[in-house]
Amino acid sequence: MAASIALARQITRVNINNTKICRLSTVCTDGAFCNASLKRYSDVAPSRSDPEPDVVESHNETLSNAQAHYRYIFPEILPNPDSTRRNKVCEMLERNDMMNRRSVLEIPEFYVGSILAVTASDKYAAGNTSRFVGICIDRGGCGLRAWFILRNVIDDQGIEIMYEMYSPMIREIQMLKLEKRLDESLLYLRDAPNEYSTFDFDMAEVPHVAGDHVPINPLKVKLRSRPWLERYERQDLKGVEDLGLAQKFYDRAKQLATPWEKYDIMKQYRATVTAEDQDEVFRDIHEKQQQIEQARIVRRRRKKLQSNR
């Protein structure tokens, strides 16, 4: 049998999320790291009893279901996928600011294609507020720099306003119609007839049952004749009717196409946030989001009671 190895155990107590844990690291006499495990402090020192396994499994299942939903309603919560622009401390501070803003401003779930009404502060408007209704044609950004664009046609003139989602100037964001479109961006509405972008400012809210699937509008838009703001024939658009161009335009688009990029795993990896990082972010905001939802329910009940008096 080989010579016995003297083992030295180093116990380092840390505090993560107000839970005491300790790291047990086993080090060989020659300085090589042999084994490491992370155990609860209750395994080493006397403490209160651990929660029941059924309770832990139920909590983890609830958290997993919530995280799967957060990926769609909080896309801006996720950090910048560019690793060169990431900073853990800055991301944590921004998440806290974002959740604090959501605690006083109800930001509904919406997608490109949804119709929203935004009320913002405007010192030049009557009552120091202005309300704009429009269809969301694009959204992007991450963290406090998240933004979305609303479009409407007023007096035969297309009007677009870009809102910063967490701007303190926004007083209310009202969901009038929750739906998706066939494309992730509707910027081609700029080259479409006005009828596709015209919405009444007094439009009534279309009810949507919480928990139901978000409907997808299969509408296909007929664009005006060229010239256009973009080369739409070179984009894989599903919500646009046949463009009616000469064959040479489609041949050129085929030459410039890069169909192999969908198989480029490294490009996809660099353009997305890993599942581990997503779970860490959603786990961080889960408790705060539950508190916000409970407070929102209480406010709605109080408002309903006051209106019934």
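An unreviewed UniProt entry lists the protein chain under the name Large ribosomal subunit protein bL19m, with Priapulus caudatus given as the organism. Its UniProt record gives the protein chain a comment under Sequence similarities (unreviewed entry), which states: "Belongs to the bacterial ribosomal protein bL19 family."

Quick word on the packing of aromatic side chains
Taken as a whole and assessed by the stated rule, the structure comprises four aromatic pairs. Consider the rings of Phe132 and Phe201, whose centres lie 5.9 Å apart with planes at 85 degrees: the pair is edge-to-face. Residue Phe132 is found in strand S5 (residues 129–140), and its partner Phe201 is found in the loop between strand S8 (170–177) and helix H3 (247–256); the two are separated by 69 residues along the sequence. Ring plane angle 55 degrees and centroid distance 5.6 Å describe the contact between Trp228 and Tyr232, whose orientation is recorded as tilted. By relative accessible area, Tyr232 is classed as buried at 2%. Above the plane of the ring of Phe110 lies Arg139, whose end atom (NZ or CZ) is 4.2 Å from the centre. A cation over an aromatic ring shows up here: Lys180 above the ring of Tyr111, its NZ or CZ 4.6 Å from the ring centre.

Quick notes on the state of the cysteines
Under the definition given, this model contains zero disulfides. Cysteine Cys90 shares no disulfide, and the gap to the nearest cysteine sulfur, in Cys142, comes to 9.6 Å.

Concerning the pairing of strand S6 (residues 147–154)
Burial analysis of S6 places six of its eight residues in the buried class, which makes it a mostly covered element. Here S5 pairs with S6 via five bridges, running antiparallel. When the sheet's bridge partners are listed, Cys136 is paired in S6 with Leu150. Here S5 folds back onto S6 in antiparallel fashion, the turn holding six residues, of which Gly141 has a positive phi close to 85 degrees. Here S6 pairs with strand S7 (residues 157–164) via eight bridges, running antiparallel. Residue pairing for S7: Asn152 is matched across the bridge by Ile159. Where S6 folds back onto S7 in an antiparallel hairpin, the turn is made up of two residues, including Asp155, whose phi is positive at roughly 55 degrees.

Structural notes on the nonpolar core
Side chains of nonpolar character tend, in soluble globular proteins, to be buried together. Core analysis: the largest hydrophobic core is formed by 55 residues, its most contacted members being Ile77, Phe148, Leu150, Tyr163, Tyr188, Leu189 and Leu223. Going through the elements one at a time, helix H1 (53–73), helix H2 (88–104), strand S4 (115–121), S5, S6, S8 and helix H5 (275–308) are the ones with two or more residues in this core. Those residues within four positions of Leu223 in sequence are excluded, and the remaining contacts are Tyr188, Asp191, Ala192, Trp228, Tyr232, Val240 and Leu243.

Digging into the pattern of salt bridges
Counting across every chain of the model gives 16 salt bridges. Here Arg145 makes a salt bridge to Glu94, at a shortest N to O gap of 2.9 Å. Of the two residues, Arg145 is situated in the loop between S5 and S6 and Glu94 in helix H2; the sequence distance between them amounts to 51 residues. Its salt-bridge partner being Asp284, residue Arg95 comes within 3.1 Å of it at the nearest N-O pair. Linking Arg95 in helix H2 with Asp284 in helix H5, this pair joins segments that are 189 residues apart in sequence. Each of Glu76, Arg102 and Arg139 takes part in a single network of salt bridges with overlapping partners.

What counts, and at which threshold
- Residues numbered from 1 in each chain as written.
- Predicted model: local features only at pLDDT ≥ 70, side-chain atom pairs only at ≥ 80, totals over all residues.
- Heavy atoms only, no water.
- UniProt positions renumbered as here; feature names shortened; annotations may be inferred.
- Phe/Tyr/Trp six-rings, centres within 6.5 Å; stacked < 30°, edge-to-face > 60°.
- Helix = DSSP H or I, 4+ residues; strand = E, 2+ residues; numbered from the N terminus.
- Buried < 20%, exposed > 50% of the residue type's maximum accessible area, 1.4 Å probe, protein only.
- Lys NZ or Arg CZ within 6 Å of the ring centre and 35° of its normal.
- Disulfide = S-S within 2.5 Å.
- Pairing = 2+ DSSP bridges.
- Core = buried A, V, L, I, M, F, W, Y, C linked by side-chain atoms within 4.5 Å.
- Contact = heavy atoms within 4.5 Å.
- Salt bridge = Lys/Arg side-chain N within 4 Å of Asp/Glu carboxyl O.

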